[in-house]
Amino acid sequence: MPATALARDADVLTRAGTASEAVVELARQTGTSIVIADPAIARRPIPALRGRMPVAEALNRLARAAGARAVPVGPSAWRLEAARPAAPLARPPREAARTAAPSAPAETRGEPIVVQATKRDLRVEDVPGQLAILDGKALESGGVGGTEKLTRQLATVSSTHLGSGRNKLFIRGIADSSFTGPTQATVGQYLGDMRLTYNAPDPDLRLSDLARVEVLEGPQGTLYGAGSLGGIIRLVPHAPVMGETGGTVILGGSLTQHGTPGADASATVNLPLAGESVALRATLDSSTSGGYIDKPLLGRTNVNRSNVLGGKVALRARIAPDWTMDLLALAQTTEADDSQYADRDGKPLESSARVPEGSRADYALGQFVISGRIGAVNLRSTTGIVAQDLHEHYDASEPGGDPRLFSQTNDTRMIVHETRLWQSERHGFGWLLGASYTHNRTTLNRDFQSPAFSVRKAATGVRNTIDEFTLYGEASLHLAGPLTATGGGRLTRSRLGGDGEDIAMATTMALAASGVTAKRTMSTFLPSFALNARFSPEDSLYLRYQEGFRPGGFAIESNAVRRFQSDRTGTFEVGARHGRAGASPFDMALSLSYTRWRDIQADFIDGSGLPSTANIGDGRVWSASISGGVLLAPGLRVELGATWNESKVDEPSAALVQYVLAPVGLAAATLSRADVLRYVSARGMQVPNIARFAGHSALAWTHELGGFRDGDWAINANGWVNYIGRSRLGIGPELGAPQGNYVDSGFDMRFGTPAYGLTLSVTNLADVQGNRFSLGTPFSTGREQVTPLRPRTLRLGLDARF
């Protein structure tokens, strides 16, 4: 191709996939002929390539991503060949081994990272907001785990700690309560485009065989709708690879100090079923974590062993040159033999509970995805179904009384569909249009039983249903110079319904007469606006406004069912970024946000000692975060992060005032408003479960070893120290127990080649007890509770790839 032709700019838009797929698209868009003679290169997965750039740059980028080089074979014709290794300088073998330097991490000039969570494939530097991208392979370091791998690496993500499959996640300072009830989550969780939960707890899926995890901070109402007040967490799984057979196996065994051993295993296989047209990818995960809590009143030790068994199967078929069909099925069961809390004032790692408090969480998901392109417009349609069941048991024994067990079952069924069209930026303009439907039904049943007498008494339950219909859109326009404006909106029509379960007939008639069980509808519009100034490939500044909401529902209070209203947030945020996290010699990101939260939905303890839900008033949340990394030397990198949150319910609702004043015999009518606010604030109006300060630090070291055949042996080590500041369990005096204020640390090390390796990891290096969560059972009369960290645990593992 003539030099002038190579120098001309072209609009390039290739999807992530294999090199052979990208070559066809690039050749058509640039008017060139490109062939790949080596089938191994053709099958290599490469990222998407998007933007306006010289044809030569596009050719070279594609070649580099495939580990190849572009060789001209004629006018406008090219061939991709395997890249030649750089010839080393001649030197004596011993000297070469002694002076060989470890390879440095990739620089920012590498291939662009596309953020799928933006729903229109924006590059990282073009996203007007704070985000984090965690590499899937790095998340498997030290063994496959669950959500704790995310909270360990990100200071802005936190969790409750009732147990795996039972927790709630929070991002920044947006947290509502410690319990999983009828309120929708404040964090949206997704597997690809599929919503994982609605108002159920975090399923704590195993983070195995993932390409990466994307975390968008702050409200994401325009793109994700209800339940994204704090942000979203998006798991991006590896797609089946056409024409390639391969897999991985990870095995490990662990020893927990003061506890019992554990083990874990994970296996993934990729199989071509029809050449370059159909492929299958399957993963199986299993783990058992040793217990470390003793229950002397039951004569049992190390009672809280937990087991996880899960897996997923994905099938991809190429149904046309630009179209694919994906099917995915996933299931996981998490079973805990007993609870993981201890008595605050008792012996370490010891609980005075008088009954076993086991739990079981079952999760299943199926999804069907069609994606393709019509000209320059991309289309993606996702349909799925979710079943999530949670069975929990709590010690409800009263002081001096017989042992009593409280059981709760939360069954959730969800159907979702989303179809969206988008066009990546062309000539300074990009857009997105989408529509979605969500149906969710949750049934909560409760009962008390006396194990000694096999007596069971049903308690009031509740059923909530919701149907959401939404239309949303977003567009970006390059204004001038470095400035790009983005605006969007989401219109949601919600139909809510619900009624009581196992309630007295008289109560049922009264509720029906009052209309509490009647269905109702509501419409919500969520606008968004952002400005992004990109001063250089590594430097950007952004300003954005975004809203979020959660629909209302029905909650249990004592033996009655009561309605609570929807809540809503509006967030202003300003932030800046320099460099690419984990790749540039120096990178930094910082943000400052202010959120106004109206009609906050939160939990409190009702008259029967059970958690209930109500609107507690209006509040504000200030949040600031900073994160960054420095390449100290080739192969040695340090990362630091911190977050600060300041939150308060400054306009308490009448329900909250009554809840706080009633126990001390006061009435709001007898006090001035100033006295009411002063008294209520003194009892703790901080938003629960969010530490005012949290910090993260990590050190990563890679050292390539000489003197081995093939020269690809290496040591990779990672260490971390995290501080989790003090927070409150909940709103009001009953849930005012302090928690947090501890340091967690650990490291993992791998020795081997890319094909196989040996790993050693240790968590909770200092064997800190700490207190992650001040709740084990809501029936805590006469004894306060703590949830200690898992004691120091050593794991030895093996991994192999073929």
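Reading the values: rules and limits
Per chain, the residues get numbers from 1 upward, laid out in the order the sequence is written. Thresholds applied to this predicted model are a pLDDT of at least 70 for local features of residues and 80 or more for the giving and counting of side-chain atom pairs; totals over whole chains, interfaces and linings are not thresholded and use all residues. Excluding hydrogens and water, the side-chain values take into account all heavy atoms of the structure. Runs of E in the DSSP output that reach at least two residues are strands. Runs of H or I that reach at least four are helices, and both are numbered from the N terminus. Remark: exposure states derive from per-residue accessible area (1.4 Å probe, protein chains only) relative to the maximum for the residue type, with buried under 20%, exposed over 50%, and partly exposed in between. Pairs of residues are marked as contacts when any of their non-hydrogen atoms sit within 4.5 Å. As defined here, a cavity is a set of points on a 1 Å grid over the protein atoms alone where a 1.4 Å probe fits but cannot get out. A pocket is an open set with protein on both sides within 12 Å along at least five of seven lines, and residues line them when an atom is within 4 Å of a point. Grid points are joined across faces, edges and corners, and a volume is the space filled by probe spheres set on the points. Ten residues, namely Ala, Val, Leu, Ile, Met, Phe, Trp, Tyr, Cys and Pro, are considered nonpolar, four, namely Asp, Glu, Lys and Arg, are considered charged, and the remaining ones, Gly among them, are considered polar. Whether two strands pair comes down to DSSP finding at least two bridges between them. Surface patches are defined over residues having more than 30% relative accessible area and no salt bridge, joining like charges when they lie within 9 Å and nonpolar side chains (Val, Leu, Ile, Met, Phe, Trp, Tyr) when within 5 Å. Working definition of accessibility: Shrake-Rupley area with a 1.4 Å probe, residue cover restricted to the visible protein chains. Basic side-chain nitrogens of Lys or Arg form a salt bridge, by our definition, when they fall within 4 Å of a carboxyl oxygen of Asp or Glu. Buried Ala, Val, Leu, Ile, Met, Phe, Trp, Tyr and Cys residues form a nonpolar core when they are joined through side-chain atoms within 4.5 Å. By convention, a stacked pair of Phe, Tyr or Trp rings (six-membered ring in the case of Trp) has centres within 6.5 Å and planes under 30 degrees apart, an edge-to-face pair has planes over 60 apart, and any other such pair is tilted.

*Asks:* Help me out: how do you make sense of the overall build of the protein chain in this one?
*Replies:* In terms of helices and strands, the protein chain carries 11 helices and 44 strands. Burial status across the protein chain gives 53% buried among its 802 residues. Sequence separation of 24 or more characterises 67% of the internal contacts of the protein chain that already satisfy a separation of 6 or more.

*Asks:* Please explain empty space enclosed by the protein as it appears in this structure.
*Replies:* Which parts of space are left empty comes out when a probe the size of a water molecule is rolled across the atoms. According to the stated counting rule, one finds 15 cavities of 30 Å³ or more in the structure shown. Its volume calculated, the largest cavity comes out at about 270 Å³. Mapped onto the lining of the largest cavity, the elements with two or more residues apiece are strand E15 (210–217), helix H8 (221–224), strand E29 (520–536) and strand E30 (539–550). In the lining of the largest cavity, the residues fall into nine nonpolar, eight polar and four charged.

*Asks:* Could you clarify how one ought to interpret the pairing of strand E18 (residues 262–272) in this entry?
*Replies:* In regular strands, side chains alternate between the two faces of the sheet. Of the pairings in the sheet, the one linking strand E17 (residues 246–256) to E18 comprises nine bridges and is antiparallel in character. Counted as the bridge partner of Val 249 is Ala 267 from E18. Two successive antiparallel strands, E17 and E18, enclose a turn made up of five residues, where His 258 displays a positive phi of approximately 65°. Alignment of E18 against strand E19 (residues 278–289), held across 10 bridges, turns out to be antiparallel.

*Asks:* Please explain unusual backbone geometry as it appears in this structure.
*Replies:* Note: most residues except glycine have negative phi, and most peptide bonds are trans. Residue Lys 119 is not a glycine yet carries a positive backbone phi of 65°. Assignment of secondary structure puts Lys 119 in the loop between strand E8 (114–115) and strand E9 (122–123). In this structure, Arg 172 is a non-glycine residue whose phi angle is positive, near 60°. Take Arg 172: it is sitting in the loop between strand E12 (169–171) and strand E13 (187–191).

*Asks:* In this structure, what is going on with a nonpolar patch on the surface? I would like to understand it.
*Replies:* A cluster of nonpolar residues, Val 249, Leu 251, Met 749, Leu 758, Leu 760, Leu 794, Leu 796, Leu 798 and Phe 802, forms a patch on the protein surface that exposes about 780 Å² of accessible area. Those elements giving two or more residues to the nonpolar patch turn out to be E17, strand E42 (756–763) and strand E44 (793–801). In terms of residue count, the dominant contributor to the nonpolar patch is E44 (three residues). Of note, Leu 794 is situated in strand E44.

*Asks:* Any chance you could explain the environment of Leu 760 here in plain terms?
*Replies:* Examined against the element boundaries, Leu 760 turns out to sit in strand E42. Taking relative accessible area as the criterion, Leu 760 reaches 31% and is therefore assigned partly exposed. Residues Leu 760 and Gly 797, 37 residues apart in the sequence, show an inter-C-alpha distance of 6.4 Å. Filtering out sequence-adjacent residues up to four positions away, Leu 760 remains in contact with Phe 747, Asp 748, Met 749, Leu 794, Arg 795 and Leu 796.

*Asks:* Explanation requested: the nonpolar core in the structure shown.
*Replies:* In globular proteins that are soluble, nonpolar side chains generally tend to be buried together. Core analysis: the largest hydrophobic core is formed by 34 residues, its most contacted members being Val 213, Val 215, Ile 233, Leu 235 and Leu 365. In terms of residue count, E15 provides more of this core than any other element does, three residues in total. Not counting the four nearest positions on each side in its chain, Ile 233 is found in contact with Leu 150, Val 157, Leu 169, Ile 171, Val 187, Gly 188, Gln 189, Tyr 190, Val 213, Glu 214 and Val 215.

*Asks:* Sorry if this is basic, but what is going on with the pattern of salt bridges here?
*Replies:* If charged atoms from side chains of opposite charge come close, those side chains can pair. Scanning all chains against the criterion turns up 40 salt bridges. As a salt-bridge pair, Arg 206 and Asp 204 come within 3.0 Å of each other at their nearest N and O atoms. The pair Arg 206 / Asp 204 is uniform in exposure class, with both members buried. The network of salt bridges with shared partners includes Lys 119, Asp 193, Arg 234, Arg 380, Glu 418 and Arg 420.

*Asks:* Would you explain the packing of aromatic side chains in this entry?
*Replies:* Describing an aromatic ring pair means giving the distance of the ring centres and the angle of the ring planes. In total, this model carries 11 aromatic pairs according to the counting rule given. Taking 4.8 Å as the distance between ring centres and 50° as the angle between the ring planes, the aromatic pair formed by Tyr 594 and Trp 622 counts as tilted. Of this pair, Tyr 594 sits in strand E34 (residues 586–598) while Trp 622 sits in strand E37 (residues 617–633), and the two are 28 residues apart along the sequence. Look at Trp 622 and you get partly exposed, because its relative accessible area is 35%. Here the aromatic rings of Trp 713 and Tyr 756 are separated by 5.8 Å at their centres, their planes lie at 80°, and the arrangement is edge-to-face. Residue Trp 713 is found in the loop between strand E39 (693–704) and strand E40 (714–728), and its partner Tyr 756 is found in strand E42; the two are separated by 43 residues along the sequence. What makes Trp 713 buried here is its relative accessible area of 17%. Given the relative accessible area of 46%, Tyr 756 is considered partly exposed. Connected via pairs of aromatic rings, a cluster forms that spans Tyr 394, Phe 406, Phe 448 and Phe 779.

*Asks:* Can you walk me through the sheet that holds strand E14 (residues 194–195) in this structure?
*Replies:* The strands making up a sheet associate through hydrogen bonds between their backbones, and the pairing can be parallel or antiparallel. Taking strand neighbours across the sheet as the criterion, the five strands line up as E10-E15-E16-E13-E14 in an open arrangement whose pairing is mixed. Because the sheet does not close on itself, it has two edges, and the strands there are strand E10 (131–135) and E14. Across five bridges, the pairing between E13 and strand E16 (residues 231–237) is parallel. From the neighbouring strand, Gln 189 faces E16, where its bridge partner is Ile 233.

*Asks:* Teacher, can you tell me more about helix H4 (residues 55–65) here?
*Replies:* By the burial criterion, the buried members of H4 are Val 55, Ala 58, Leu 59, Arg 61, Leu 62 and Ala 63. At the C-terminal side of H4, Gly 67 shows a positive phi close to 65°.

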